[in-house]
Amino acid sequence: METIPTEHGLILAGILFVLGLIGVLTRRNIVFVLMSLEIMLNASGLAFIVAAARWGHAEGQIMFLMILTLAAAEVAVGLGLIIQMYRKFQTVDISVLSEMKG
Amino acid sequence: MQEFIWLLPTLPLLGFLSLAITGGSLPKRAVAAIGAGSIGAAFLVAALIAVEFLNSGEEVFVYQAWVWMSVGSFSPGFTFYLDGLSLVMMLIITGVGFLIHLYSTGFMFDDPSYSRFFSYMNLFVAAMLMLVLADNLVLLYLGWEGVGLCSYLLIGFWYENPANGYAARKAFVVTRVGDTSMAIGLFLLFRELGTLNIQDLMIAAQSEWQIGTGMAVACSLLLLGGAVGKSAQLPLQAWLPDAMAGPTPISALIHAATMVTAGVYLIARTHILFELAPSVQLLVAWVGLATLLMAGFTAMTQHDIKRILAYSTISQIGYMFLGLGVGAWSASVFHLMTHAFFKALLFLAAGTVIYSLHHEHDIFKMGGKRKQLPIAFASFMIGSLALAAFPFTSGYFSKDEILLAAYATGGAGVWLWAGGVLGAFLTGIYSFRLVFVVFFGASQGHHDEKEKTGFSMAAPLFILMMLSLLGGWIQIPVESVFNHGQLHEEHHVSALIHGIMIAVPLIGIAVSYLFFVSGALSVDKLMSYKFSKILHRFWFSGWAMDALYKYLLINPFMWLAKLNRNDFFDALYNSVISISRSAHGLVAKTQTGYLAWYLISMAAGLIAVLAVGVYL
């Protein structure tokens, strides 16, 4: 079976990660920030899979399962916070919420 | 009884504590009972101890209460050392002190701070007893500073008037100069001889130092500095006239009878050290002579009844220093005692005059008061006779001994003697100028006031009158302290010298009489010459010493203070504060509150760390 070279997988993971980071940095809607975070998490998960395939180890895949669980928990907490935030401030724009300044 | 010597400083200290803790809430009679009673009890104890000590035939009695501190070989204790010298001092302090306390119960009765007054007085007596009974110089220094503190507190007793506070600070700062010199002297003695126990120190000094060694000269000079400051001798005499701002009993107790003679006591106590440095001992004599003449001339020109007495005190302590300088130790201590009697009498009598005449201090506003104030008149008469060394009064014997000893040393001693005789002449003039102006002639105001003396004020005056008249016959038991087993040498001098010494004070009194009673000589006529006017102004200002200090010390100090208004060291510490404050501002700016900003800095930081990890 033709295997995908390791470099390709890692480059894809890197691109995904940077895309996610850019999303976190530039988005002002907190829902999109959360989604970008998910992309970053999945990018790191992909990197683990690629590494596991390269060395033929199972730990990478176990790590990916853990990241999935973590992301699910994170989304649950994050969405809960977002709802609270919306109730309190009537907005999902994070730049408005710069109360912890200085 | 002797082992109860620890009671001596303790009784007045208890009096102080009980008065200080109750803080003026006690009724005045109770305050008087505690204040004067504690000193009276101390006097009784002192008298019993004295009787037993003199009967025992021992020369020294040492009692250690406890060890104060113990650091290596250095362990000063609360140890009391009783010999002839401290016995005399202890009896003067408790005896004259009790009389003055008794007098104060009447004199200060109208004062709202009655309790505070007696608490300070008791503390003073406790500290003074500590000073004279101490067997080591550390304990002596404790008492030395204690009396200085009480002097400061009591000069500024009426603190509502800023001038009194100024006088108190002046006294404290000027004596501090001397105290610092003394402290350095103690350090030097300890470093050189390894002990501060006075007797061990004297023995060690005698065995280790040759006569005239540099170290002996340095140590005795430093101790002399302390003595000069406390005893108001040149050049640190400027504080005593201003110290008269305090209540009059204070002037009698602290600034005449006891504290100001502490310097004389110190030199007498360490006389072996001074004998090892003959040049310093001679300096003591010259300091005494210069001071007694300066103060004598100044006293002739003053108007304020208390300032005259203050300058006279400076002058009489000058005699004591003169005596110390020529090695007449016991004569000096003898003069210290008689001076305590007659000067306390004069001050208390002056207090009666001032009290009766509604706080009038200017002698030229009194006049002809001998019928109006009979007790004060009698006191002043007897006190001034003793002060002027009228034959067979107490002051005559003591001053005579000092001057004879000066004459007997030969060489420069003759000049010291001549200066001392000139001083006696001045003493005759100024003491009787005071008596004649206040009690003779026409009344100059205050015609109607009666003499205000209850029993408590009159009784001390009568006792002190007796002591001033007859105190010269008292034999003080100090021979064993000063003579070291040698026989006392009688001074044989010609009848001419004796005659001069008897006649000169009488001539002084006569001159004063011609000026102020008979009117044969006139002050106004004398003052019409330009030269005498300048001289009068010069003397009146105390030989312009205050002005000299102002230009020499105070003004340069103020200039420096002004120069350094923004304190250099403060600037150093303030800069630390302002640097950290601006750094704080800088860092606080990074806390923008924008999530994106934090993430960017996190990412940038991560990349930077990774880059460092990869490339280094």
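Before reading further, recall that the structure is shown in the block above.
All residue numbers refer to positions counted from 1 along the written sequence of the respective chain. Chain labels run from A onward and ligand labels from 1 onward, assigned in the order the entries are written. Selection of residues for local features in this predicted model requires a pLDDT of at least 70, selection of side-chain atom pairs for listing and counting requires 80 or more, and totals for whole chains, interfaces and linings are taken over all residues. Excluding hydrogens and water, the side-chain figures rest on all heavy atoms present in the structure.

Student: Explain the overall build of chain B to me, please; I cannot follow it from the model alone.
Tutor: Secondary structure elements follow DSSP: runs of H or I of four or more residues count as helices, runs of E of two or more count as strands, with numbering from the N terminus. Helix and strand counts for chain B come out as 26 helices and two strands. When its C-alpha atoms are laid out on the principal axes, chain B stretches across 115 × 60 × 55 Å. Counting the 616 residues in chain B, one finds 55% classified as buried. Here the contacts in chain B between residues at least 6 apart in sequence split such that 81% fall between residues at least 24 apart. Carbon together with sulfur atoms contributes 69% to the accessible area of chain B, which is approximately 26300 Å² in total. We score Asp and Glu as negative and Lys and Arg as positive, and we do not count His or the chain ends. A charge is said to be at NZ when it belongs to Lys, at CZ for Arg, at CG for Asp and at CD for Glu. Between the averaged position of the 29 positive side-chain charges in chain B and that of its 31 negative side-chain charges there is a distance of 17 Å. Think of it in three bands: with a 1.4 Å probe and only protein chains considered, a residue is buried below 20% of the maximum accessible area for its type, exposed above 50%, and partly exposed in between. The contact criterion used throughout is that any non-hydrogen atoms of two residues lie within 4.5 Å. Only the protein chains shown count as covering a residue, and every accessible area follows the Shrake-Rupley method with a 1.4 Å probe.

Student: Explain the pattern of salt bridges to me, please; I cannot follow it from the model alone.
Tutor: Opposite charge on two side chains permits pairing when their charged atoms draw close. All names here are of chain B. By definition, a salt bridge exists where a carboxyl oxygen of Asp or Glu is found within 4 Å of a side-chain nitrogen of Lys or Arg. For the structure shown, the criterion picks out eight salt bridges over all chains. Of the charged contacts, one joins R191 and E192 as a salt bridge, the two residues approaching to 2.9 Å between their closest N and O atoms. With a relative accessible area of 62%, R191 lands in the exposed category. By relative accessible area, which is 26% here, E192 ends up partly exposed.

Student: Would you mind showing me how to read the packing of aromatic side chains here?
Tutor: Note on aromatic pairs: each is described by the distance of the centres and the angle between the planes. Under the pairing criterion, centres of Phe, Tyr and Trp rings, with the six-membered ring standing for Trp, must be within 6.5 Å; the plane angle then separates stacked pairs below 30 degrees from edge-to-face pairs above 60, leaving the rest tilted. A full pass over the atoms with the stated rule returns 27 aromatic pairs over all chains. Plain terms: the ring middles of F4 of chain B and W6 of chain B are 6.5 Å apart, the flat faces sit at 40° to each other, and that makes the pair tilted. An aromatic cluster of three or more residues is present, and its members are F377, F380, F432, F436, F439, F440 and Y513 of chain B. Positioned above the aromatic ring of W55 of chain A is the side chain of R54 of chain A, whose terminal nitrogen or guanidinium carbon lies 4.4 Å from the ring centre. Only Lys NZ and Arg CZ are tested; either one counts as a charge over a ring when it is within 6 Å of the ring centre and within 35 degrees of the ring normal.

Student: Looking at this model, I keep getting lost on the interface of chain A and chain B. Mind explaining?
Tutor: In many reports, interface size means the accessible area that the parts give up when they come together. At the interface, 10 residues of chain A touch 11 residues of chain B. Summed over both partners, the accessible surface that disappears when two parts come together, traced with a 1.4 Å probe, is what is meant by buried area. Buried surface at the junction of chain A and chain B, summed over both partners, amounts to about 800 Å²; 73% is from carbon and sulfur atoms. Joining chain A to chain B, the criterion identifies zero salt bridges. Two N or O atoms count as a polar contact when they lie within 3.5 Å, although within protein this holds only if one can serve as hydrogen donor and the other as acceptor, and sequence-adjacent residues are included solely when both atoms are side-chain atoms. One can count zero residue pairs in polar contact (both at pLDDT 80 or more) joining chain A with chain B.

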